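Fold and contact review
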Amino acid sequence: MNGHLWQVYQLARAKGSVYPIVRDQLTTLNDTLDGRPATESQALCSAAGDLFQLAGELVFDGNRYTDAAASYTLAASASKEAQSYDLWACALVRHTYVDL
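Criteria and thresholds
- Residues numbered from 1 in each chain as written.
- Predicted model: local features only at pLDDT ≥ 70, side-chain atom pairs only at ≥ 80, totals over all residues.
- Heavy atoms only, no water.
- Core = buried A, V, L, I, M, F, W, Y, C linked by side-chain atoms within 4.5 Å.
- Buried < 20%, exposed > 50% of the residue type's maximum accessible area, 1.4 Å probe, protein only.
- Helix = DSSP H or I, 4+ residues; strand = E, 2+ residues; numbered from the N terminus.
- Contact = heavy atoms within 4.5 Å.
- Expected span 1.5 Å × (residues − 1).
- 1 Å grid on protein atoms, 1.4 Å probe; cavity = no way out; pocket = protein on both sides within 12 Å on 5 of 7 lines; lining within 4 Å.
- Points joined across faces, edges and corners; volume = space filled by probe spheres on them.
- Nonpolar A, V, L, I, M, F, W, Y, C, P; charged D, E, K, R; others polar.
- Phe/Tyr/Trp six-rings, centres within 6.5 Å; stacked < 30°, edge-to-face > 60°.
- Lys NZ or Arg CZ within 6 Å of the ring centre and 35° of its normal.

**Here's the deal with the nonpolar core**
- Counting 15 residues, the largest nonpolar core has Val22, Leu51, Leu54 and Leu58 as the members making the most contacts within it.
- Looking at this core, the elements that each hand over two or more residues are helix H1 (2-11), helix H2 (19-33) and helix H3 (38-61).
- Ignoring sequence-local partners within four residues, the contact set of Leu54 consists of Leu5, Trp6, Tyr9 and Val22.
- Of all hydrophobic cores here, the second largest spans 6 residues; its members include Val59, Phe60, Ala68 and Tyr72.

Written out as C-alpha cells, the structure reads:
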C-alpha cells in the first residue's frame, strides 16, 4: 500500500489531495499496532515510518513546515523502533532540510 501511495503522490497534480488517504492509512496502521507481538509491530513500525515520511512530504509541499518537522520526527521514531536504519536516516535528513 505504501508504494502505491508514493506513486499516487508522484503523479498527483494537487499533492494535498493525497493527504486524506495517507492520514486514513496511518490511523488504520496505528489501530493495528495496538497489542501486537514484537515481530509484527516491527514491520508495522517500518510501514508507519514510511507513511509519516510521505505525510511530511505532503505538508512540506504545502508550506506547512512545522507539521512537516513533526511528521519527520514521528517517521524517525517509528523507523528507529523498527530497526529500519535507512528509513531512520532518511527521516533525519528530511527533518534537517526543513530548517533550511
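**Examining H3**
- In a regular helix each residue adds 1.5 Å, so 24 residues correspond to 34 Å; H3 covers 34 Å between its end C-alpha atoms and thus fits that length.
- One or two positions beyond H3, positive phi appears at Asn63, with a value near 60°.

**Quick look at unusual backbone geometry**
- Of note in this structure, Asn63 is not a glycine but carries a positive phi near 60°.
- For Asn63, the position within the fold is in the loop between H3 and helix H4 (65-81).
- Residue classification places Asn63 among the exposed positions, given a relative accessible area of 53%.
- The phi dihedral of Gln83 is positive, around 60°, even though this residue is not glycine.
- When you line up the elements, Gln83 lands in the loop between H4 and helix H5 (85-99).

**Details of the layout of surface pockets**
- Reported here for the largest pocket is a volume of approximately 150 Å³.
- Forming the walls of the largest pocket are Leu26, Leu29, Asn30, Leu33, Cys45, Ala48, Phe52, Leu74, Ser77 and Ala78.
- Sorting the residues of the lining of the largest pocket by element identifies H2, H3 and H4 as the ones contributing at least two each.
- With 4 residues, the single largest contributor to the lining of the largest pocket is H2.
- Taken together, the residues that form the lining of the largest pocket break down as 8 nonpolar, 2 polar and no charged.

**Here we look at the packing of aromatic side chains**
- In total, this model carries 4 aromatic pairs according to the counting rule given.
- Among the aromatic residues, those joined into a cluster by ring pairs are Phe60, Tyr65 and Tyr97.
- Here the basic side chain of Lys15 rests over the ring of Tyr9, its NZ or CZ set 4.8 Å away from the ring centre.

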